[in-house]
Amino acid sequence: MEAELMALASSGAATLVGLMVSDAWTEVKDGIARMLARGRATEQVAHDLDVSRTELLQAGGSRDGQLVAAVEGVWRARLQDLLQAEPALAEDLRRLLTAGDMPEAWPLREVHNVITGGVQHGPVIQAGRVSGLAFHLPKAPEGADGG
């Protein structure tokens, strides 16, 4: 398999796993199952996606790096096989990976966060998965730590 399709399968698997542990999963699962089934056995693909999602959720979502890597590996191999058998899937998969081309069935959600418990002197992050970030923060003002 050519390198571009292998990279596409890897990116697709990572995106798929990320979606599985997101709130949007219930809205996107059927469309993804249809895309991956390519008109055959959609129910089986949907079941396989649900099994992977259940494993991830039972293990605490994205906190178990080994499980995430294992589930990604399963879907990477499956996507590679699908891309070899159905080259037209590559375009659908690219659309899935392009944020601007998300299907209209993927609703944007409004999120309201409330932080309590005192003054925060730094960034507060809410995310399902964050990696490779570095924050350079100024020192807290004198007496800000309560002492």
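Right above here is the structure, for reference.
Residues numbered from 1 in each chain as written. Predicted model: local features only at pLDDT ≥ 70, side-chain atom pairs only at ≥ 80, totals over all residues. Heavy atoms only, no water.

Draft legend 1. Main features of the overall build of the chain. Helix and strand content of the chain: five helices and zero strands. Overall, the chain shows an N-to-C arrangement of helices and strands of α-α-α-α-α. When each of the 147 residues of the chain is scored for burial, the buried share is 27%. Taking as baseline every contact in the chain between residues at least 6 positions apart, the subset at least 24 positions apart corresponds to 63%. With an accessible surface of roughly 9800 Å², the chain has 52% of that area assigned to carbon and sulfur atoms. (Helix = DSSP H or I, 4+ residues; strand = E, 2+ residues; numbered from the N terminus. Buried < 20%, exposed > 50% of the residue type's maximum accessible area, 1.4 Å probe, protein only. Contact = heavy atoms within 4.5 Å. Areas by Shrake-Rupley, 256 points an atom, 1.4 Å probe, with all protein chains shown as cover.)

Draft legend 2. Structural context of the nonpolar core. Grouped together as the largest cluster of nonpolar side chains are 30 residues, with contacts concentrated most on Leu16, Trp25, Ile32, Leu36, Leu49, Trp75 and Leu83. Elements that contribute at least two residues to this core include exactly helix H1 (3-20), helix H2 (25-37), helix H3 (42-58), helix H4 (65-85) and helix H5 (89-97). Among the elements that line this core, the one with the most residues is H1, at eight residues. What Trp75 contacts, discounting residues up to four positions off in sequence, is Ala13, Leu16, Met20, Leu36, Asp48, Leu49 and Ser52. (Core = buried A, V, L, I, M, F, W, Y, C linked by side-chain atoms within 4.5 Å.)

Draft legend 3. Summary view of the environment of Met6. Residue placement: Met6 occurs in helix H1. It is 8.3 Å that separates the C-alpha atoms of Met6 and Arg76, two residues lying 70 residues apart in sequence.

Draft legend 4. Up close: H5. Among all positions of H5, only Leu89, Ala90, Asp92, Leu93 and Leu96 are buried. Here the buried residues of H5 occupy an arc of 165° about the axis, which is enough to place them on one side. (Arc of directions from axis to C-beta.)

Draft legend 5. Quick peek at the pattern of salt bridges. A complete count under the given rule lists seven salt bridges for this structure. With a shortest N-O distance of 3.0 Å, Asp50 and Lys29 are connected by a salt bridge. Pair noted here: Asp50 is in helix H3 and Lys29 is in helix H2, with a separation of 21 residues, a long-range link. One salt-bridge network, held together by shared partners, links Arg38, Glu91, Asp92 and Arg95. (Salt bridge = Lys/Arg side-chain N within 4 Å of Asp/Glu carboxyl O.)

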